[in-house]
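Summary of structural features
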Amino acid sequence: MNYNPVETLMPLLPSPRSGEPVVVAQLGQTLDGRIATVTGASKYINGHSALDHLHRLRAHVDAVVVGVGTAIADDPQLTVRRVDGQSPARVVIDPRGRMPRDLVMMTDGEAPVFVVTEPGVSVPEPAMPIYVAGENGHLPPRAIVAALAEHGMRRILLEGGADTLARFLDADAVELLHLLMAPMILGSGKAGLKLKPIDQLDEARRPTTRVHVFEDGDVLFTCDLRTSWER
């Protein structure tokens, strides 16, 4: 499949020097909505084309963001090693100072590392702190986005984990969702999207969505959460 994510993303992304920040969230899951088995195994649910797509997304943003739980569990590089381009800044959301010093991103020198945390929490070098006041043990997603924008990071890719993604979606802090569905059924395991419950169907999100089928079977749904297909 000849799909270029730049065609979808670039009209939605601001200039690095002006404009409001835009958050693109990415989630890879199975047909039955699972992102890992009951034991936590998740590499790799999606295929090679989906991974290439993710790395292309990284090449067109200013920052890629993960929660500290994902950073600890996966030790991700968050680089663009599968495609041409420049790796974005790596950002870890860590309100309680759990960030390890020995993660790959802390030593590879591929791109700067930032840790978003509460004031007074220490951050291991060479990571640089970005301070945001917490609320009920969490850092407000909109405050995180604003703080990143103040540091010049206006094109933001949110990669996980699932709990971090849910908090951003519940806070209406995501403009575009890229949902990658793998032709796989686990039947059990960790769910990808666990949002606040709704009572009525008219409360459901109905984002304008485009569908792209990759050659190795994965299906990409690009969902613009700012607009609705229901007129």
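Here we summarise the structure given alongside this text. The residue numbers shown here count from 1 along each chain, following its written sequence. This being a predicted model, a pLDDT of at least 70 is required before a residue's local features are given, and a value of 80 or more before pairs of side-chain atoms are given or counted; all residues contribute to the totals for chains, interfaces and linings. Just so you know, side-chain values use all the structure's heavy atoms and leave hydrogens and water out.

1. Description of the pairing of strand S7 (residues 155-160)
Each residue is placed in one exposure class: buried if its accessible area under a 1.4 Å probe, protein chains only, is under 20% of its type's maximum, exposed if it is over 50%, and partly exposed if it falls in between. Secondary structure counts use DSSP, requiring at least four H or I residues in a row for a helix and at least two E residues in a row for a strand, with both numbered from the N terminus. Buried residues dominate S7, accounting for 6 of its 6 residues. Only when DSSP finds a minimum of two bridges between them are two strands counted as paired. When strand S1 (residues 22-30) meets S7, the two strands line up parallel, connected through 4 bridges. Note that in S7 the partner of Val22 across the bridge is Arg155. Bridge count between strand S3 (residues 63-67) and S7: 4 bridges; the pairing is parallel. From the neighbouring strand, Ala63 faces S7, where its bridge partner is Ile156.

2. Looking at the nonpolar core
If you look at the biggest cluster of nonpolar residues, it comprises 31 residues, and the most contacted ones within it are Val91, Val116, Leu148, Met153, Leu158 and Phe168. Those elements giving two or more residues to this core turn out to be S1, S3, strand S4 (89-93), strand S5 (113-117), helix H5 (141-150), S7, helix H6 (162-170) and strand S8 (176-182). Working rule for contacts: check all heavy atoms of both residues, and any pair within 4.5 Å makes them a contact. If sequence neighbours within four positions are ignored, Leu148 has contacts with Val65, Val91, Val116, Ile130, Met153 and Ile156. Side-chain atoms within 4.5 Å are what join buried Ala, Val, Leu, Ile, Met, Phe, Trp, Tyr and Cys residues into a set we call a nonpolar core. Judged by nonpolar contacts, the second largest core, of 21 residues, contains Val24, Met99, Val113 and Ala127.

3. Some remarks on unusual backbone geometry
Cis geometry is found at the peptide bond from Lys43 to Tyr44, where omega equals -10°. Within the fold, Tyr44 resides in the loop between strand S2 (34-36) and helix H2 (48-59). The linkage connecting Glu125 with the following residue, Pro126, adopts the cis geometry, with an omega of 5°. The residue Pro126 is located in the loop between S5 and strand S6 (128-131) in this model. The backbone of Asn136 sits at a positive phi, close to 55°, despite the residue not being glycine. With respect to the helices and strands, Asn136 occurs in the loop between S6 and H5.

4. A closer look at the layout of surface pockets
Of the volumes computed, that of the largest pocket is approximately 1200 Å³. Method remark: on a 1 Å grid restricted to protein atoms, a set of points is classed as a cavity if a 1.4 Å probe fits but cannot get out and as a pocket if it is open with protein on both sides within 12 Å along at least five of seven lines; lining residues have an atom within 4 Å of a point. Taken together, 49 residues make up the lining of the largest pocket; nearest its centre are Thr70, Asp74, Glu159, Gly160 and Gly161. Contributing elements (two or more residues each) for the lining of the largest pocket: S1, S2, H2, S3, helix H3 (68-74), S7 and H6. Grid points are joined across faces, edges and corners, and a volume is the space filled by probe spheres set on the points. Of the voids in this model, the second largest pocket is the one considered here, and its volume is about 210 Å³.

5. Concerning the sheet that holds S7
Strand order in the open sheet formed by 9 strands is S6-S5-S4-S3-S7-S1-S8-S11-S10, and the pairing between neighbours is mixed. Since the sheet does not close on itself, it has two edges, and those belong to S6 and strand S10 (207-213), each with one partner. Strand-to-strand twist in this sheet, taken as the mean axis angle between neighbours without regard to direction, amounts to 25°. Between the N-to-C directions of two axes lies an angle of 0 to 180 degrees, each axis being a line fitted to C-alpha atoms and, for a helix, fitted only over the stretch in contact. Along the sheet face, H2 touches S1, S7, S8 and strand S11 (219-228) and points at about 145° away from the line of S7.

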